[in-house]
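One letter stands for each residue in the lines below.
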Amino acid sequence: MTTILTNEPLELCADVLVIGGGPAGTWAAWSAASRGASVVLADKGFCGSSGATAPSGTGVWVIPPGGDARAEAKAKREALGGYLADHDWMDRVLDRTWRNMDLIESWGYPFPHDGGATVRRGLQGPEYMRLMRNVVAKAGVKILDQSPALELLVDGNGTVAGARGIRRQEERPWTVRAGAVVIATGGCAFLSKALGTNTNTGDGLLFAAEAGGEFSGMEFSSQFAVSTAYGSVTKTAHYSWAVFTNEAGEDLEAVKDGHYSASTIGRALLNGPVYAQLSKAKERPEVQAFLRYAQPNFFLPLDRNGIDPFKQRFPITLTLEGTVRGTGGIRLTDGRCASTVPGLFAAGDAATRELICGGFTGGGSHNAAWAMSSGSWAGEGAADYAIGLGAYAHARDVTGAGGAGLRAPSDARTRFDPDAVIAGVQDEMFPLQKNLFRTEHGLRGAIGNLDGLWQSVGGRAIATESARDVQRAREAAALVATARWAYASALERRETRGMHRRADHPQIDPAQHHYQHSGGLDRVWVRAG
Amino acid sequence: MIELLVRDACIGCDICVRVCPTDVFDATPGGAPEIARQEDCHTCMICELHCPVDALYVSPRGEPDPSVDEAAIVASGVLGSYQRALGWKRGMPGGADDDPGVLIAFKRPPDPSDKVRTQLYEVSMRTYIDVGPNA
């Protein structure tokens, strides 16, 4: 008998359970509560610090209504996204983000004033998420911190009816019976330590798949960001002022139109070290001062290593951000962000962002707009659905839907070490030659290895004594599963589109101008959407 | 990753235990928390930001850094520097309206009564504006 099963469980009922307490989760919780729903929000870490936004600062895709500004904003990234973004969804997100920024201001976020008018271009992560925690708490949402979810609960019809998890600092299980569940667990960066992303291990994607959910755009998961070679701060906007060089000091000409090319840098990294220096601001002290003030965390690893990035070059690397800044996730079936599973909604990076970004990263600003908009719709949709169920919602017989990494078949004889499985997944996802420059041969080899890892997480974990052991085993399974959907989708898309680069199919193919859906556990499937 | 918890400065409030998104710290009865799972740290700096007494130091490296020396770090003045750069004080936000980035963008100096930002503003001006690239 394991420790966590012997402690008295925390048992709660709510109309809506939100899993994840980043921007999308807090917007979902607030929106559901505003519709009159009772809401529980469970975060693996701490609502207010978990996820990629909290330690960061982000622009927001906020464009005033009227004139041509929105049409221009939509057109700007269409080609980058491989023409997969959807104009209706972009319009909805621009409209909702504009209104939500009004709400953020009314809640007391101190947007800067330029004379009289507020300037609402971006949000400082730590302050934004601290505010959202307070807003959610004031709305009456019950927040469970340090409480990773482990599995969804489903009723006899396969409808989602809550979730179960652990209070990891108390070694205590929790169960929330709910009329609807919102997955807002973020994307998956495969524990690369890219800024703020190690909470984002694909858990919500695994939960959704176990309940029968589907994904879209999982091939657009090859997002690599520049960071210093020894640190993990993946703030990249300032590199538009950089010159990237190889060991010999030759300019790689990696920056064009204010954006760096990950593939140019990636190819150079395969041949040796690559360096960056913010040389373009070397003679411009006013720019230096602005850059330094605008994004203190960019300079933090440099300052603490005694490097002046304007005067000295420093070694850089590419760090995988996976679907966090990439774009694939749970497939949505309507404007309320419902998934293909009754009772299950998805928001933020856990849901596919192709609808507004196509196959490319939105950078911080589209992603922030998507999180607050999709979070709002998912919260409202979940609230309406749950309230419609009435008392029946909590009267259902439910069972846990969780499998791999959590619950092994009774005849399972093999044991797995979660840390070894995680290292195995990273060996397939981190190398540039496998993930940035994809080929049929490379992908087939990786998929074979990942299939082997999936078999092993079907056994028992070597340790299940503590809540953290159980969490780790489950995360290992989620990482393997997410990697398999990503690479199966990458294999099927035989072209280069958006961030998905096939070295063996370097051109865009008009015949593949469609979304790709995927899913499945033991047998992974991919089909044109 | 997290490298130091300066025990002489720590007041045992356990805020870092509560807010760490990757659950790196363990509370101890009546004392300073322990860095129990350093390997899980993802260098997000949240603990430094929320610490009310600047008792934490996060190294910029993604791997453990055995060269970190407590006495040298305390003497360097780096403790709390990220809070100050973001305009936070004693673990509380300072208000994004006075973000240093905003002050520069709008070309206005900080409120002179805000000594921390005034100092930061002046230091930065000295380093990056008054002194030429070859100095």
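The structure displayed is predicted, hence computed values, not measured ones.

Trainee: Just to check I follow, could you spell out the overall build of chain A for this structure?
Mentor: In terms of helices and strands, chain A carries 17 helices and 24 strands. Taking 24 Å as the expected radius of gyration for a compact globule of 529 residues, we find that chain A reaches 22 Å, a close match to that expectation. For chain A, the spread of C-alpha atoms along the three principal axes comes to 70 × 60 × 50 Å. The buried share of chain A, reckoned over its 529 residues, is 57%.

Trainee: Got a minute to help me understand the environment of Gly125(A) in this structure?
Mentor: Residue and element names in this part refer to chain A. Tracing the backbone shows Gly125 in helix α5 (residues 125-138). Sequence separation between Gly125 and Ala14 is 111 residues; the distance between their C-alpha atoms is 29 Å. In contact with Gly125, not counting residues within four places along its chain, are Thr53, Ala54, Pro55, Ser56, Gly57 and Thr58.

Trainee: I tried to follow the sheet that holds strand β18 (residues 329-330) of chain A on my own but got confused; where do I start?
Mentor: Strand pairing in a sheet relies on backbone hydrogen bonds. The paired strands run either parallel or antiparallel. All names here are of chain A. Taking strand neighbours across the sheet as the criterion, the 4 strands line up as β18-β11-β23-β24 in an open arrangement whose pairing is antiparallel. Looking at strand neighbours, the two that pair on one side only are β18 and β24 (525-528), the edges of this open sheet. The pairing of strand β11 (residues 215-216) with β18 spans 2 bridges and is antiparallel. Bridge pairing in β18 links Phe215 to Ile330.

Trainee: Got a minute to help me understand the domain arrangement of chain A in this structure?
Mentor: Size of an interface: often given as the accessible area lost when the parts come together. All names here are of chain A. Annotation of chain A at the domain level lists domain 1 (3-221 + 326-400), domain 2 (224-321) and domain 3 (415-504). A straight line from the C-alpha centre of domain 2 to that of domain 3 covers 29 Å. Each partner contributes to the interface: domain 2 provides 8 residues, whereas domain 3 provides 8 residues. Per element, the largest residue contribution to the side of domain 2 that touches domain 3 is 4 residues, and it comes from helix α7 (residues 262-269).

Trainee: Explain the confidence of the model for chain B to me, please; I cannot follow it from the model alone.
Mentor: Detailed conclusions should not be drawn from predicted coordinates in areas where pLDDT is low. All names here are of chain B. Here chain B averages 77 in pLDDT, while 68% of its residues score no lower than 70. Across residues 100-107, confidence stays below pLDDT 50; counting only partners more than four residues off in sequence or on other chains, it has 19 contacts. Here residues 123-135 is modelled with pLDDT under 50, and outside its nearest four sequence neighbours on either side it reaches 16 contacts, counting other chains as well. The ipTM value of the predicted complex is 0.91, and its pTM value is 0.92.

Trainee: Which parts of the structure should I look at to understand the sheet that holds strand β13 (residues 243-246) of chain A?
Mentor: Residue and element names in this part refer to chain A. Strand order in this open sheet of 4 strands is β12-β17-β16-β13, and the pairing throughout is antiparallel. The sheet is open, and its two borders are formed by β12 (223-228) and β13, each paired with just one other strand. For this sheet, the mean angle separating the axes of adjacent strands, direction not counted, is 45 degrees. In terms of strand pairing, β13 meets strand β16 (residues 274-277) through 4 bridges, oriented antiparallel. Following the sheet pairing, Val243 is matched in β16 by Gln277. On the sheet, α7 packs against β12, β13, β16 and β17 (314-321) and is oriented at approximately 115 degrees with respect to β17.

Trainee: What is the right way to read the nonpolar core from this model?
Mentor: Proteins that are soluble and globular tend to have nonpolar side chains buried together. Residue and element names in this part refer to chain A. Counting residues in each nonpolar core, the largest one holds 183 residues, and the members touching the most others are Val16, Val182 and Val480. By residue number, the principal contributor to this core is helix α17 (residues 467-492), which donates 15 residues. When residues no more than four places from it in sequence are discounted, the contact partners of Val182 are Val16, Val18, Ile19, Ala28, Phe345, Ala347, Ala378, Gly379 and Ala382.

Trainee: Please explain the environment of Phe224(A) as it appears in this structure.
Mentor: All names here are of chain A. Mapped onto the elements of the fold, Phe224 is located in strand β12. On the basis of neighbour counts, which here come to 26 C-beta atoms within 10 Å, the residue Phe224 falls in the buried class. In this structure the C-alpha to C-alpha distance between Phe224 and Ala262, which are 38 residues apart in sequence, comes to 6.9 Å. Setting aside anything within four residues of it in sequence, one finds Phe224 in contact with Ala262, Gly266, Leu318, Thr319, Leu320, Glu321 and Leu436.

What counts and how
- Residues numbered from 1 in each chain as written.
- Chains lettered and ligands numbered in written order.
- Predicted model: local features only at pLDDT ≥ 70, side-chain atom pairs only at ≥ 80, totals over all residues.
- Helix = DSSP H or I, 4+ residues; strand = E, 2+ residues; numbered from the N terminus.
- Rg over C-alpha atoms; globule rule 2.2 N^0.38 Å.
- Buried ≥ 20, exposed ≤ 12 C-beta atoms within 10 Å, placed from the backbone.
- Contact = placed C-beta atoms within 7 Å.
- Pairing = 2+ DSSP bridges.
- Domains from an automatic or database assignment.
- pLDDT = per-residue confidence, 0-100.
- Axes fitted to C-alpha atoms, helices over the stretch in contact; angles between N-to-C directions.
- Core = buried A, V, L, I, M, F, W, Y, C linked by C-beta atoms within 7 Å.

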